Amino acid sequence: MARSLRIEYPGAYYHVMNRGNARSNIFLMDDDYGMFLALSKESSKLFNVKILSYCLMTNHYHLLAHTPRGNLSRFMRHLGGVYTQRFNRVHKKDGHLFRGRFKAVLIQEDEYLTHLIRYIHLNPVQANLVRDPKDYPWSSHQDYLKGNDKDWLTIAEALQFFSPKLKEARKLYLEFMRDGLDPKTKAFFKMKNHGSVFGDRDFIDKIKETYIVKDKKNSTEIPEKRNIEGERVIKRIKSEVIRFFKIKESGLYSSTRGEYNKPRSMALGLSRELSGLKLQEIAKHFKIRSYKTVSSSCQRFKMSLVYDKTAWREYDGLRRGCIQEET
């Protein structure tokens, strides 16, 4: 089955959501929620993505993200991948944490954004966890009641949709929340296979015409654009790994049975996490004959990070160096 297009462009807003693999829990204790929020802060700074609202449930999460650079996929790949690694490391687990690709719905500004914020903040109420959203600790609702921005959570921008005056905006927001979900929003997200755009007919038609009919190559899912971006990322990864380990580029391509090539394993792991390229494509960049070698190498390396604290710190530092170019 073909993967759906990711419609990405500078300035877009998205409702982003993902669930645990087989609906398993992705948060096992309070520290996990804190770890996810800390990583959201870190990722938002690295990729210049604004988070307008969030709600973390036991086995899934909701985010409202604004992407000034049109880089949602790279932001989410980092957020999901690094959280999985840290979660597995803390809980001594291995394998997939999430059920697959994140879901992203493109959101029209103004009215639709406010309805989406209410939908996200009322999730714990809809799930019968609390009667009042202010009693749920893992959402941004309480921040909206206070009206204070955090360095990674953009609340003032969202409250502007209610009123330019902060005190009035907070009051109108609270009244808006008390009205409960509107039928249109409830019906849209209740559909099993709802669309990838939430807005009025004019907005939906404009998006289809601009990003699907006229210019399909704008999508990061189109191979040509994905390959160019992926090649640039791998070039950066090679440069960082070579600099860090003080080796020649040829050292990334050598492999001797029974010997562990740490720089090569690090570079392959980073390439799989950050480049967005397929295993076959990554193999070509490292002069590897079979994509299965890339897969097995990444799997062994991923497992080693659970127990090797030094390797984990080195890997995390290299990842930050590779991403720093984007900031």
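Residues numbered from 1 in each chain as written. Predicted model: local features only at pLDDT ≥ 70, side-chain atom pairs only at ≥ 80, totals over all residues. Heavy atoms only, no water.

Quick look at the confidence of the model for the protein now. In the predicted model, the protein carries a mean pLDDT of 87, and 91% of its residues have values of at least 70. When the criterion is pLDDT under 50, residues 215–222 qualifies, and its contacts beyond four places in sequence or with other chains add up to 24 contacts. (pLDDT = per-residue confidence, 0-100. Contact = heavy atoms within 4.5 Å.)

A cluster of nonpolar residues, L28, M29 and V90, forms a patch on the protein surface that exposes about 240 Å² of accessible area. Checked against the element boundaries, V90 lands in helix 2 (residues 72–91). (Patch = residues over 30% accessible without salt bridge, like charges linked within 9 Å, V, L, I, M, F, W, Y side chains within 5 Å. Areas by Shrake-Rupley, 256 points an atom, 1.4 Å probe, with all protein chains shown as cover. Salt bridge = Lys/Arg side-chain N within 4 Å of Asp/Glu carboxyl O. Helix = DSSP H or I, 4+ residues; strand = E, 2+ residues; numbered from the N terminus.)

On to the sheet that holds strand 1 (residues 12–19). Strand order across the open sheet formed by five strands is 2-3-1-4-5, with mixed pairing between neighbours. Every interior strand has two partners, whereas the edge strands, strand 2 (50–56) and strand 5 (197–198), have only one. Where strand 1 and strand 3 (residues 60–67) come together, eight bridges link them in antiparallel fashion. The residue bridging Y13 from the neighbouring strand is H66, located in strand 3. Running at roughly 155° to strand 3, helix 3 (residues 111–121) makes contact with strand 1, strand 2, strand 3, strand 4 (103–107) and strand 5 of the sheet. (Pairing = 2+ DSSP bridges. Axes fitted to C-alpha atoms, helices over the stretch in contact; angles between N-to-C directions.)

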